[in-house]
Every structure is written in structure tokens, then in C-alpha cells.
There are 2 protein chains.
Amino acid sequence: MNKKQIQSEQTRKKIAEAARNLFVQKGYKATSIEEITAATGSSKGNLYYHFKSKEGLFLYLLDEWDREWIAKWKEKEHLYTTSADKMYGFAEQMVREDLNHPLTKAADEFFTGDDKTCEVEDRIAEMVAEHLSFNRTLIQQGVDRGEFRATDVQSLAIVLEALVIGLSKICPRIDITQALDTYRLAIQVFLHGIAAKPES
Amino acid sequence: MNKKQIQSEQTRKKIAEAARNLFVQKGYKATSIEEITAATGSSKGNLYYHFKSKEGLFLYLLDEWDREWIAKWKEKEHLYTTSADKMYGFAEQMVREDLNHPLTKAADEFFTGDDKTCEVEDRIAEMVAEHLSFNRTLIQQGVDRGEFRATDVQSLAIVLEALVIGLSKICPRIDITQALDTYRLAIQVFLHGIAAKPES
DNA sequence: TCGTATACTGAACGTTCGGTCAATATCTTA
DNA sequence: TAAGATATTGACCGAACGTTCAGTATACGA
């Protein structure tokens, strides 16, 4: 690789990192291109040389994020024996990686934003589908192992996703140890419910 | 009341209603003051005569919304005998009143928006607190009746809130009957869990 | 060494939008 | 009916923001 190409790659990363930090702190809309360039030291035009648009930049970060998340999960997944353990592990990674993760807040804001390109809509749909698929696998494994009873794994995957999304929206207000507790409790409820007697 | 005061009241309502419709359709940010005034037939300045700001207008609508919701709940609450029934009823009202409710999307966007006044922050905190209090009561009743087992009602209230928030974020993509099913399933899971064996 | 592709600059643009204000109309009250 | 309170108008302001582009610098290949 050229000296020039390396340099270029570095600026690209630098921009991405600065953008990531700002999106984390301030959200998507509140972060202006100007601020990002100010944080990198490079110029507006340069950002647009490396990234198609603000949306494109954000989408790039989302991809990066997803890849890292999956990689981290793959690392840990085999450590858990039971499916229930896996669930708690899943919750823990959610808290540790996502709750403080740069992009959670921004992503959420981005998703609910008004001005979405078709490309973005598609990408979002894709990400949701991936999540559901992940959850489905998680639950299905438990069912196969005889740990969980479930007639409709797909619907349960949706419920789990809802739970996780909701938690991520509520928990930023509290500190991490409380968040961990809340997530654990949520998974516990998901597994055992709160009814005094087992279902008839 | 004066003829003038009545007229004034009417314009106020008219503006509120137009704003509500637009916020529903387009979300908070995407709805401009100009559009609202165009929909009412009155002027920009007049809107600012009746409402302090766009935020203020939206806050007013939120209040209205909450009041209506509570009123509707009070109407139905006594129809349910067991606490479990109440839970399902709660879920049903959520779907019927909020899922398609004008302001759900806008409110969500508004909450995650960047430019919040202190006043708004406070109002949001207040609303969250109210919701949690509502949930707490719901769960506590079940505990008192011996239907639910719970050591930490407050935390469970948070988990329930998370579930509801998450569901409301996922379900708009699907039609109402499916949404009802999903909500019911979620409550069922909340009550009974998915583990094969009862908790040790 | 020179031409060229690549990397980078930053001023300027166009647009959007919330909010203001001086002027005006309308109604109330004394 | 005159004075004053109340309601309404809409042109205008200023700031923010994403994006563009004509131009400059730098490193590479020949």
C-alpha cells in the first residue's frame, strides 16, 4: 500500500472515530458535520470525499458496530453451558457493549427520524431481521435442549427483542450496576415469569 | 364567557387538533409551524399567541393524551377481576389506544430529540415516573392478592415499562390483530416465563 | 522531473424553520 | 361611543445545517 493510501485510510478512520464519539455524546441530528470535522482537524470537503453523506457515514458506523458485536458474542458464546446462562450472558453483553455503546442512542434517534432514504429503510429492516434471527436461534436452542417450552419461537423472539429494546431505552438513565441488575431481572422474568403458580 | 373568549378557545382547540393530526402523520420535527397554521387557516403569530412555543404546544398535547388515557383506563379497570386479567386489559388498551395513537411516534421522537429544555426534561421525567407508578400499583395489587410473587416491585415495574416501550416500538410495523397477539404473548411471558421448570 | 491522480481545503450556497414584532382588526366595558 | 383589552396577521429575522465546488497541495508513477 502507498504511503498516500495509508494516510488516506488513517484520515478515514479518524473521521469515523470522531463521528462515532460525537454521535454517542450528542445523538445523530445534534451532531453537525462541522463538529465532526472540527474534532478531526480535517475539513468538511474532506469528509465528503471519504463518505457519501452524513447518512452514509452513520450507516458505515452501524455496520462496524454490528460486526464488532457479533464478533464479541462469538468469543463468549461457548463459555455458557445452559441456554438460560446464554440468555444472561446475552443480557450482560447488551449492557456492557450497547448500553454505553456510542451508537445506541444515536441509532435509535436515527431509526425514528423522518428523512430516511430507501437505502436506509432497507438497511434498518435488514438489521431488525438479523436481530430477530439471532433471538430466534437463542430461544430455539433452549427449546431443543428442553430448557424452554415454546410453541411459537418467532413470536417469542419478537417479545425478547421488544424487551431488549425497551430496556435499552429506559436504562441509560441509571448507572451500569443497576442496569445490569435490571437486565438480569428482566431475563429472569422472561424465563420464569412473576405468577405465583405455574401456568395451567 | 365572552363571545371573544369562546372564539379564542375555539381557535386554540383548532390549532391543537391540527397540530395533533400533523404530529401523528409526520412526527414532531417533520411538522413545521407553517404547516400547522396552514391546516388551521390562522396565522403563525396567532399560534404563538396561544402557545408559548412548538415544544409548549406539543407538551400540551401530551398532557391531553395522558389525561384521556387515564380516564379510559379508569372506565375499564373495574371490569377485570384478577390482576392477571388486568394485565391483559392493560396490554389491550395499550394496543388500541397508543399503538395507533396519534402521538406515540411523535412522542418517541420528541423524547429522543436533542434540543430539550429543562422544562421538557422535567415533564418527561414526570411522565416516566407516572408510568412507573402505574405499573407498580398494578403489580403490587397482584402481589397483595397472592397472584404474583415479587420481592422488588419497583424493579419489576421498570421491566414491565421496558417491555411495553419495546413493544410499542416494534409493533407499528405489524397490523393490529398481530399486535394484540404479540402484546398478549408478552404479558403471558411476563406472568409465566418460558422456562420449562418453575424457578428453584 | 513533470504530469497526473489522489487527497484535502473552506468559503459559499440554498434551504428550512422556529420565533418575533409592529401593525391591524375585533370585541368588551365603562 | 370612545378607550382599552384582546386577538390576529404575515413579513421578516437569524441561525443552523448538509452539501457542493473551484481551487490547492501532496505523493506517486513514468
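Just so it is clear, the structure is predicted and the values come from calculations on it, not from any experiment.

(A) Broad picture of helix H2 (residues 33-40) of chain A. All names here are of chain A. Restricting attention to buried positions, one finds in H2 the residues Ile 33, Ile 36, Thr 37 and Thr 40. Viewed along the axis of H2, the buried residues span an arc of 95°, placing them on a single side of the element. Exposed residues pointing more than 90 degrees away from the buried face of H2 are listed as Ala 38 and Ala 39. Lining the buried residues of H2 we find helix H1 (3-26), helix H3 (44-50) and helix H4 (54-77). One or two positions beyond H2, positive phi appears at Gly 41, with a value near 90°.

(B) Local environment of the protein's contact with DNA strand D. Within the structure, DNA strand D sits among 21 residues, and Lys 3, Tyr 48 and Lys 54 of chain A together with Tyr 49 and His 50 of chain B are positioned closest to it. Among the atoms of DNA strand D close to the protein, meaning within 4 Å, 66% are from sugar or phosphate groups. Ser 43 of chain B is positioned with one of its backbone polar atoms (N or O) 2.8 Å from a phosphate oxygen of DNA strand D. Gly 45 of chain B is positioned such that a nitrogen or oxygen atom in its backbone is 3.3 Å from a base oxygen of DNA strand D. Secondary-structure elements contributing two or more residues to the surface near DNA strand D are H1 and H3 of chain A together with helix H1 (3-26) and helix H3 (44-50) of chain B. Tallying contributions element by element places H3 of chain B first for the surface near DNA strand D, with five residues. When its residues are assigned to classes, the surface near DNA strand D shows three nonpolar, twelve polar and six charged.

Conventions and cut-offs
Residues numbered from 1 in each chain as written. Chains lettered and ligands numbered in written order. Predicted model: local features only at pLDDT ≥ 70, side-chain atom pairs only at ≥ 80, totals over all residues. Heavy atoms only, no water. Buried < 20%, exposed > 50% of the residue type's maximum accessible area, 1.4 Å probe, protein only. Helix = DSSP H or I, 4+ residues; strand = E, 2+ residues; numbered from the N terminus. Arc of directions from axis to C-beta. Contact = heavy atoms within 4.5 Å. Near = heavy atom within 4 Å. Polar contact = N/O pair within 3.5 Å; in protein donor to acceptor, adjacent residues only side chain to side chain. Nonpolar A, V, L, I, M, F, W, Y, C, P; charged D, E, K, R; others polar.

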